[in-house]
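Report on the structure
Residue-level listing of the chains:
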Amino acid sequence: MYPTLFISHGAPNMILGNSKTVKNINRFSKELKKPKYIIIFSAHYVTNELKMLDYEKPELLYDFYGFEKELYEYEYEIKSDKNISEKILKHLNDKNIQITIDKGKNTYDHGVWTTLAMMYKNLDIPVIQISIPANYSSEQLIKLGENLK
C-alpha cells in the first residue's frame, strides 16, 4: 500500500518561487516510489454526498484572488484516467459506499494542482479527485479511507 499523505499547500503563489517548503515537498516526492495513480481530496471540493471529479478533460480552476498575474496564467497538465476512476467507483459501490461522477464539475481546484506542482514538475501520474462528503460521519470517513487503501 502506498502511504497516505497530508500536504498543506499554503498560499497558491508558493509554486512560483523556490522556497524551502517547495524544495522539501519536491524532495519528499522523490524519496517515494512512483505511484500508479493518485487519489486526492481537497478541502476546496466539498459536496453533500460522495462524488468523484469528472474524468473527461479536467482543467485547472484558479479559485483564488489577489495574487500575481503569472499565477493565473500558470499551466500544469493533470490527467485523470477513466479506467481507474471506474474501478474506484465500482469498488466503493460494491462496499456499499455510494459514489458518483460529478458531472457538474470539471476542474481541479488549487488545493490539487498547486500541491502536485510542488511535488512533480512534470506529472505523468493519473489523478483522481474525490470530494469531501459533508454529510459523512467520522465512522463513514474512516470506512471510506479503509476501502481506498
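Position numbers for residues start from 1 in each chain and track the written sequence from start to end. Since the coordinates come from a predicted model, pLDDT governs what is reported: local features require at least 70, and pairs of side-chain atoms require 80 or more to be given and counted, while whole-chain, interface and lining totals use all residues. Excluded from the side-chain calculation are hydrogens and water; included are all heavy atoms of the structure.

**Concerning the overall build of the protein chain**
- Note on conventions: DSSP H or I runs of at least 4 residues are helices, E runs of at least 2 residues are strands, and numbering of each starts at the N terminus. Within the protein chain, the regular secondary structure consists of 5 helices and 6 strands.
- Listing each helix as α and each strand as β along the protein chain from the N terminus yields α-β-β-β-α-α-β-β-α-β-α.
- Throughout, the radius of gyration refers to the C-alpha atoms, and the reference size of a globule is 2.2 Å times the residue count to the power 0.38. The globule rule puts the C-alpha radius of gyration for 149 residues at 15 Å, and the 15 Å found for the protein chain is close to it.
- Along the three orthogonal principal directions, the C-alpha set of the protein chain runs to about 45 × 35 × 30 Å.
- Within the protein chain, the fraction of its 149 residues that count as buried is 41%.
- Counting contacts in the protein chain only where the partners sit at least 6 residues apart, residues at least 24 apart contribute 85% of the total.
- Summed over its atoms, the accessible surface of the protein chain is roughly 9200 Å², and 51% of this surface lies on carbon and sulfur atoms.
- In the protein chain, 20 side chains carry a positive charge and 19 a negative one; their mean positions are 7 Å apart. Burial status follows relative accessibility: with a 1.4 Å probe on protein chains alone, a residue under 20% of its type maximum counts as buried, one over 50% as exposed, and anything between as partly exposed. Between two residues, a contact is recorded if the distance between any of their heavy atoms is within 4.5 Å. To be clear on the numbers: accessible area is Shrake-Rupley with a 1.4 Å probe, and residue cover counts the displayed protein chains and nothing else. Positive residues here are Lys and Arg, negative ones are Asp and Glu, while His and the chain termini are left out of the count. A single reference atom marks each charge: NZ on Lys, CZ on Arg, CG on Asp, CD on Glu.

**Regarding the packing of aromatic side chains**
- A pair of aromatic rings is counted whenever rings of Phe, Tyr or Trp (Trp by its six-membered ring) have centres within 6.5 Å, and the orientation is called stacked for planes under 30 degrees apart, edge-to-face for over 60 and tilted otherwise. Inspection of every chain in the model, using the stated rule, returns 6 aromatic pairs.
- With a centroid separation of 5.6 Å and 90° between ring planes, the pair formed by F64 and F67 is classed as edge-to-face.
- In this structure F64 comes out as buried when scored by relative accessible area, which is 11%.
- Taken together, the ring pairs connect Y62, F64, F67, Y72, Y74 and W113 into an aromatic cluster.

**A few points about unusual backbone geometry**
- A positive phi is found at N96, a non-glycine position, where the angle reads about 60°.
- Mapped onto the elements, N96 comes out in the loop between α3 (82-94) and β4 (100-102).
- Given a relative accessible area of 62%, N96 falls into the exposed group.

**Let's talk about the confidence of the model for the protein chain**
- When pLDDT is averaged across the protein chain, the result is 92; 99% of the residues are at 70 or more.
- The pLDDT score gives, residue by residue, the confidence of the prediction method on a 0 to 100 scale. The lowest-confidence element of the protein chain is helix α1 (residues 20-31), averaging 89 in pLDDT; the highest-confidence one is strand β6 (residues 127-133), averaging 96.

**Brief notes about α1**
- A rise of 1.5 Å per residue sets the reference length of α1, with its 12 residues, at 16 Å; its end C-alpha atoms lie 16 Å apart and thus fit the reference within 8%.
- Within the span of α1, buried status applies to V22, I25, N26 and S29. Across the axial projection of α1, the buried residues extend over an arc of 95°, all falling on one side. More than 90 degrees from the buried face of α1, the exposed residues found are K20 and E31.
- Where the residues of α1 are buried, they touch α4 (110-119). To estimate the expected span of a helix, count its residues, drop one, and scale the result by 1.5 Å. What the arc measures is the spread of directions leading from the helix axis to the C-beta atoms.

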